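Topology and contacts: notes
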Amino acid sequence: LLLRFRREVASSDIAEALGEALVDKVGEKSSNEFSSFMLDMVGSEKLKVGADIFITCKGEKLWASLTEGKKDASTISIKGLCPAVFAVYLGHKPVSPQAKEGFEKGFAELE
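Residues numbered from 1 in each chain as written. Predicted model: local features only at pLDDT ≥ 70, side-chain atom pairs only at ≥ 80, totals over all residues. Heavy atoms only, no water.

1. Concerning the sheet that holds strand β4 (residues 52-58)
Strand order in this open sheet of four strands is β1-β4-β5-β6, and the pairing throughout is antiparallel. The open sheet is flanked by β1 (2-4) and β6 (74-77), the only strands paired with a single partner. Along the sheet, successive strands turn relative to each other by an average axial angle of 20°, direction set aside. Of the strand pairs in this sheet, β4 and strand β5 (residues 61-66) are connected by six bridges, and their pairing is antiparallel. Paired with I55 across the bridge in β5 is A64. (Pairing = 2+ DSSP bridges. Helix = DSSP H or I, 4+ residues; strand = E, 2+ residues; numbered from the N terminus. Axes fitted to C-alpha atoms, helices over the stretch in contact; angles between N-to-C directions.)

In C-alpha cells form, the structure reads like this:
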C-alpha cells in the first residue's frame, strides 16, 4: 500500500486517524500500539507534500517506511493488523476514498 500525501499533514493527525479507524477491527490496545508505531516511524512533526508511506505485510508482520526520511522500514506484529490496515484503505468505507481510487487505477493498469 502506498500513501502519497498531496498536502502537508501533521504526523499526529495521520497516526490518530489510522488508530481510530482500526479500533473496531483490532481493539483499542492494538490500535493505540499501531498509532504509536506510525508516529515513531514518521519521526517528524509533519509529512510534507509529496511524502510517501509504504506499507507491506507478510503474515502478521507489517513493514512501514517513508521516502521523506529515507529510513529503513520499521516493523510491527499484531494479530489481525495487516488485513485491518488494508480494509481501512480498501474496504467498503475507506478512510481515504482517493487512496482507494488510486489503488484501483494502479491495479487496473497492471493487466
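2. Details of the state of the cysteines
Enumeration according to the criterion identifies one disulfide in this entry. Note on cysteine connectivity: C57 is disulfide-linked to C82, with sulfurs 2.4 Å apart. Judged by the torsion about the S-S bond (-95°), the C57/C82 disulfide is left-handed. One end of the pair, C57, is in strand β4; the other, C82, is in helix α3 (residues 81-90), and 25 residues separate them in sequence. Classification of C82 as buried rests on a relative accessible area of 4%. (Disulfide = S-S within 2.5 Å. Buried < 20%, exposed > 50% of the residue type's maximum accessible area, 1.4 Å probe, protein only.)

3. Topic: the packing of aromatic side chains
Here the structure, examined in full by the defined rule, presents two aromatic pairs. Taking the centre distance of 6.1 Å and the plane angle of 15° together, the rings of F103 and F107 count as stacked. Here the residue F103 and the residue F107 both occupy positions in helix α4 (residues 97-109), the gap between them amounting to four residues, near one helical turn. (Phe/Tyr/Trp six-rings, centres within 6.5 Å; stacked < 30°, edge-to-face > 60°.)

4. Things to note about the pairing of β4
Judged from the three bridges that link them, β1 and β4 form a sheet pairing that is antiparallel. By the bridge assignment for β4, R4 is matched with D52. Connecting β4 to the antiparallel partner β5 that follows it, the hairpin turn spans two residues, and G59 within it adopts a positive phi of roughly 65°.

5. Things to note about the nonpolar core
Counting residues in hydrophobic clusters, the biggest one holds 30 residues, and the most contacted among them are F34, M38, I53 and L62. Secondary-structure elements contributing two or more residues to this core are α1 (11-26), α2 (28-42), β4, β5 and α3. Apart from residues no more than four positions distant in its own chain, F34 is found in contact with L18, L22, L62, I76, I78, L81 and V85. (Core = buried A, V, L, I, M, F, W, Y, C linked by side-chain atoms within 4.5 Å. Contact = heavy atoms within 4.5 Å.)

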